[in-house]
Protein chains: 2
Amino acid sequence: MDLGPLIQPADTTILVVLMDGLGGYPEPDRGTELEDARTPNLDALATEGVSGRCEIVGPGITPGSGPGHLALFGYDPHEFALGRGALSAAGLDVALRAGDVAARGNLCTLAADGTIADRRAGRIPSDEAATLVERLQREVTVDGVEVLFAHEREHRLLVMLRGEGLDPRVADTDPQRTGVAPPPAEAHDPAAARTAAIVDDVSAQVREVLAGERANGVLLRGFDTHEDLPGLGDRYGLRGVAVAAYPMYRGISRLLGMHVPAKPDDLAAQVAQVRAVWDDHDYVFMHVKTTDAAGEDGDREAKMAAIEAVDAVMPDLLALGPDAVMVTGDHATPPQMSGHGWHPVPVVMRGRHLGTDDVTRVGERPALGGMLGLRPMAHMMPILLASAGRLAKYGA
Amino acid sequence: MDLGPLIQPADTTILVVLMDGLGGYPEPDRGTELEDARTPNLDALATEGVSGRCEIVGPGITPGSGPGHLALFGYDPHEFALGRGALSAAGLDVALRAGDVAARGNLCTLAADGTIADRRAGRIPSDEAATLVERLQREVTVDGVEVLFAHEREHRLLVMLRGEGLDPRVADTDPQRTGVAPPPAEAHDPAAARTAAIVDDVSAQVREVLAGERANGVLLRGFDTHEDLPGLGDRYGLRGVAVAAYPMYRGISRLLGMHVPAKPDDLAAQVAQVRAVWDDHDYVFMHVKTTDAAGEDGDREAKMAAIEAVDAVMPDLLALGPDAVMVTGDHATPPQMSGHGWHPVPVVMRGRHLGTDDVTRVGERPALGGMLGLRPMAHMMPILLASAGRLAKYGA
């Protein structure tokens, strides 16, 4: 529901500790990573507060990082979306602005006759490609439009156009095969004709700048524009801050109007940063990537160790005195899958007037008996806001 | 969903015992009021029937009495609403009709130059104000429109206009400060011009009638109209009756087409009234206010005592042989908050073909293991109707 009319100010702070990919699933002979890790501090939090499980998007749906974080921040992922371009840009630590048009691209090898010889420029090494992308950034210019190049990895890059009246309804210039010339950019709608012409201009300039290199052309796909989402300030009256090391999460947080301080080097630096930003913010979000990375690697022990490392810093975080605190994940990354899963993620929360339940341990199965029940993740933000005294009564 | 096509008649009776503000939250060293009260009869009901928890409006949302009761009666509070004017009128035991325009008002003191000297007429005592409001009811008249005055308490009153073609889009005549004259009523829309003129006429007549009194003017705010809601008869084919002592709940029930017999004096009188109306109704709603009043006072012991008093009359109520019975609350009123809370409320239900579960005690935590689960309160009415044999099969 629209919380807008209910939002009221309060001098309170909400802390969210997110372990990326926290969720897992138990098997007959062993628990989940969260269940089997040694977590005395998180268990104490569960004992004092309330537990439950959250589904991010819906039953059986495996969420990407975009919907996962939108839901965490209380944005129903069925109503709100971060476009592919915005997410790609966020992952490169580039902040798209409303109206920007972005496309993902490949550096490719064009033969003398202009046909595509290699769609990935022989999987050009990252450092060599980065140098070429820097040259493109310096030398490609279009009147009245800002052109931004961001190198991703190997042959992959992102191309962004910034200016008035751009329109993303442009067909891919990547034919997805070799032996043919890249087609000119085609506008799906007359309104996109100028954007298509700009794309052709950029592609031609790329060929000139990179003439003689093994990567001497660019293929673009997935033109997308960015629409601003309402930020945490507009939606909830919160001054948000994101303490995160990875570009994707820094980028998403920035798109939602959160302050994003300098990249912290490790968990200890993150805790120090949380402490440093505490007094000037109402909503402090700390993102931990190591849990997900271990799950992606299929490394159960490493995931348990990552959870235990977060457990160890909980006393320092709780010493800051949040009025409401939540520890959870943005999706499951079961080591058995070496990837994201659709499974609900466990949630533990402690806060003013939240009370307690009989759960005394964190974990997927202990959480079954918790007061929070099984709910969509987007329900958690209103509960945190309520506990922090930031929601007025609905109806007389 | 729209139950309309599924509604079928049955010779069955549904009993709903509502303890206002029943919900609470446990803390590490003590249970909720419902958990800690001595409730052998309610525990027996839980043992024989099914338990669960209900959220009234949504996660984190603290419901007012309007949405709380709408949900209880199966009206999704996101789809249906009772306007502020209708609720205020209900609270004064006045039934608004569709098309009526109502505003809340203050009796005020106007200086000789017409400016506001005191917005609350020196907080005029209730009995003195009541006499003045009676005089207004006798002496203020408008051609073609019925003007109704209802005294609330001290300086507060409600003014209602009843007639054809009224429109509530009229600006407040209460400037919310002293030293200025009350502004003439301003129509936000041309269609409300006549209503604004009537408001000015009424205000002028009030000044004449009360000339020389310390309360010699009226300030009006929150013009609102009433739209009829479909009643329990139209929606469910139920002959409803509300056994309630407080004007607000009597008024809401009346707005939903329920029969509302004379005000009962106490719980024993309520039970006697339930018995008296039993044979002529299919849906018997008994509203108990003492639980909420104790919660609002922050008095845990009094709330437990209020719950125990209800427990004590349960055998008499159940002896009437309801086909389906539900005991629940319309929202939480945790004594720790001395006010409404957002927390789910416990529900216990027993009825034909409802079966049982393993819950043997009423309370927020015992209910976690119940068959009803955690749901929106508006889900309960269809389940009661089903148990009472009043819902046909959906689809072939």
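Helix and strand counts for chain A stand at 12 helices and 12 strands. Over its C-alpha trace chain A gives a radius of gyration of 23 Å, about what one expects of a compact globule, namely 21 Å for 396 residues. Principal-axis analysis of the C-alpha atoms gives chain A an extent of 75 × 55 × 40 Å. Across the 396 residues that make up chain A, the buried fraction comes to 51%.

Here we come to the relation of the copies chain B and chain A. For these two chains of identical sequence, chain B goes onto chain A by a turn of 123° and a shift of 0.4 Å along the axis, with RMSD 0.3 Å. Given the turn and translation reported, the copies of this chain are related as if by a three-fold rotation axis.

Residue and element names in this part refer to chain B. Buried residues dominate helix H12 (residues 380–387), accounting for six of its eight residues. Every buried residue of H12 is listed here: Met380, Met381, Ile383, Leu384, Leu385 and Ser387. Buried residues belonging to H12 abut strand E1 (14–19), strand E2 (50–55), helix H7 (232–236), strand E10 (324–328) and strand E11 (345–351).

All right, on to the interface of chain B and chain A then. The interface of chain B with chain A comprises 28 residues on the first partner and 21 residues on the second. Elements with a contribution of two residues or more to the side of chain B that touches chain A: helix H3 (65–72) and helix H4 (84–91) of chain B. Looking at which element gives the most residues to the side of chain B that touches chain A, the answer is H3(B), with three residues. Residue classes in the side of chain B that touches chain A are distributed as 15 nonpolar, 10 polar and three charged.

Residues and elements named next belong to chain A. Splitting chain A by domain gives domain 1 (4–81 + 230–387) and domain 2 (89–225). For domain 1 and domain 2, the distance between their C-alpha centroids amounts to 37 Å. Partitioned by chemical class, the residues of the side of domain 1 that touches domain 2 number four nonpolar, one polar and two charged.

It is worth spelling out the packing of helix H2 (residues 40–48) of chain B against helix H11 (residues 300–318) of chain B at this point. Residue and element names in this part refer to chain B. With their axes 7 Å apart at the nearest point, H2 and H11 run at an angle of 60° to one another. Comparing the axis directions of H2 and H11 gives the class oblique. Note on element contacts: H11 touches H2 through Asp311, Met314 and Pro315, opposite Pro40, Asn41, Leu42 and Leu45.

Attention shifts here to the confidence of the model for chain A. Low-confidence regions, as indicated by low pLDDT, have predicted coordinates that should not be scrutinised in detail. Residue-level pLDDT values for chain A average 95, and 100% of them are 70 or greater. Interface confidence for the predicted complex, expressed as ipTM, amounts to 0.86; the pTM equals 0.88.

Next up on the list: the sheet that holds strand E12 (residues 373–376) of chain A. All names here are of chain A. Read from one edge of the open sheet, seven strands run E8-E9-E1-E10-E11-E2-E12, paired in mixed fashion. Where the open sheet ends on each side, the last strands, each with one partner, are strand E8 (240–244) and E12. Going across the sheet, the axis of each strand differs from the next one's by a mean of 20°, ignoring polarity. Inspection of the sheet shows strand E2 (residues 50–55) paired to strand E11 (residues 345–351) by five bridges, in the antiparallel sense. Bridge pairing links Cys54 to Val345 in E11.

Moving on to the packing of helix H4 (residues 84–91) of chain A against helix H8 (residues 247–255) of chain A. Residues and elements named next belong to chain A. Where H4 contacts H8, the axes come no closer than 6 Å and their chain directions differ by 120°. Judged by the inter-axis angle, H4 sits oblique to H8. Between H4 and H8, the residues in contact are Ala86, Ala89, Ala90 and Gly91 and Pro247, Met248, Gly251, Ile252 and Leu255, respectively. Of the residues belonging to the contact of H4 with H8, the class tally is seven nonpolar, two polar and no charged.

Another aspect to go through is the sheet that holds E11(B). Residue and element names in this part refer to chain B. The strand order across the open sheet formed by seven strands is E8-E9-E1-E10-E11-E2-E12, and the pairing between neighbours is mixed. The open sheet terminates on both sides in strands that have one partner only, identified here as strand E8 (240–243) and strand E12 (373–376). Geometrically, the sheet is characterised by an average inter-axis angle of 20° between neighbouring strands, direction not taken into account. Strand direction decides the pairing type here: E8 and strand E9 (residues 283–288), joined by four bridges, are parallel. Looking across to E9, one finds that Ala242 is bridged to Phe285. Sitting on the sheet, H2 is in contact with E2, E10 and E11, with an inclination near 65° to E11.

All names here are of chain B. With respect to the secondary-structure elements, Arg135 resides in helix H5 (residues 126–139). For Arg135, a count of 15 C-beta atoms within 10 Å corresponds to the partly exposed category. For the pair Arg135 and Asp201, spaced 66 residues apart in sequence, the C-alpha separation works out to 16 Å.

This part covers helix H3 (residues 65–72) of chain A. Residue and element names in this part refer to chain A. Counting buried positions along H3 gives eight out of eight residues, so the element sits mostly inside the fold. Buried residues of H3: Ser65, Gly66, Pro67, Gly68, His69, Leu70, Ala71 and Leu72, and no others. Contacts made by the buried residues of H3 are with strand E1 (14–19), H4, H8 and E12. Following H3 by one or two positions, Gly74 adopts a phi angle in the positive range, close to 90°.

Of all hydrophobic cores here, the largest spans 233 residues; its most connected members are Phe285(A) and Phe285(B). Leaving out residues up to four positions away in the same chain, Phe285(A) has contacts with Val16(A), Leu18(A), Gly240(A), Val241(A), Ala242(A), Val243(A), Ser253(A) and Met258(A).

Further remarks concern the environment of Val17(B). Residues and elements named next belong to chain B. Within the element layout of this structure, Val17 appears in strand E1. Val17 sits 297 residues away from Met314 along the chain, and the two C-alpha atoms are 9.1 Å apart. Residue contacts for Val17: discarding those within four places in its chain leaves Met286, Val310, Leu317 and Val327.

Let us look at unusual backbone geometry. Backbone geometry at His353(A) places phi at a positive 60°, although glycine is not the residue there. Along the chain, the position of His353(A) falls in the loop between E11 and E12. Phi is positive for Ala121(B), which is not a glycine, with a value near 50°. Mapped onto the secondary structure, Ala121(B) falls in the loop between strand E4 (116–118) and H5.

So, about the environment of Arg119(A). Residues and elements named next belong to chain A. When you line up the elements, Arg119 lands in the loop between strand E4 (116–118) and helix H5 (126–139). Through-space distance from the C-alpha of Arg119 to that of Ala187 is 23 Å; in sequence the pair is 68 residues apart. Not counting residues within four places of it along the chain, the set of residues in contact with Arg119 comprises Asn106, Cys108, Thr178 and Leu219.

Each value, and the rule that gives it
- Residues numbered from 1 in each chain as written.
- Chains lettered and ligands numbered in written order.
- Predicted model: local features only at pLDDT ≥ 70, side-chain atom pairs only at ≥ 80, totals over all residues.
- Helix = DSSP H or I, 4+ residues; strand = E, 2+ residues; numbered from the N terminus.
- Rg over C-alpha atoms; globule rule 2.2 N^0.38 Å.
- Buried ≥ 20, exposed ≤ 12 C-beta atoms within 10 Å, placed from the backbone.
- Least-squares fit on C-alpha atoms with pLDDT ≥ 70 in both.
- Contact = placed C-beta atoms within 7 Å.
- Nonpolar A, V, L, I, M, F, W, Y, C, P; charged D, E, K, R; others polar.
- Domains from an automatic or database assignment.
- Axes fitted to C-alpha atoms, helices over the stretch in contact; angles between N-to-C directions.
- Parallel < 35°, antiparallel > 145°, perpendicular 65-115°, else oblique.
- pLDDT = per-residue confidence, 0-100.
- Pairing = 2+ DSSP bridges.
- Core = buried A, V, L, I, M, F, W, Y, C linked by C-beta atoms within 7 Å.

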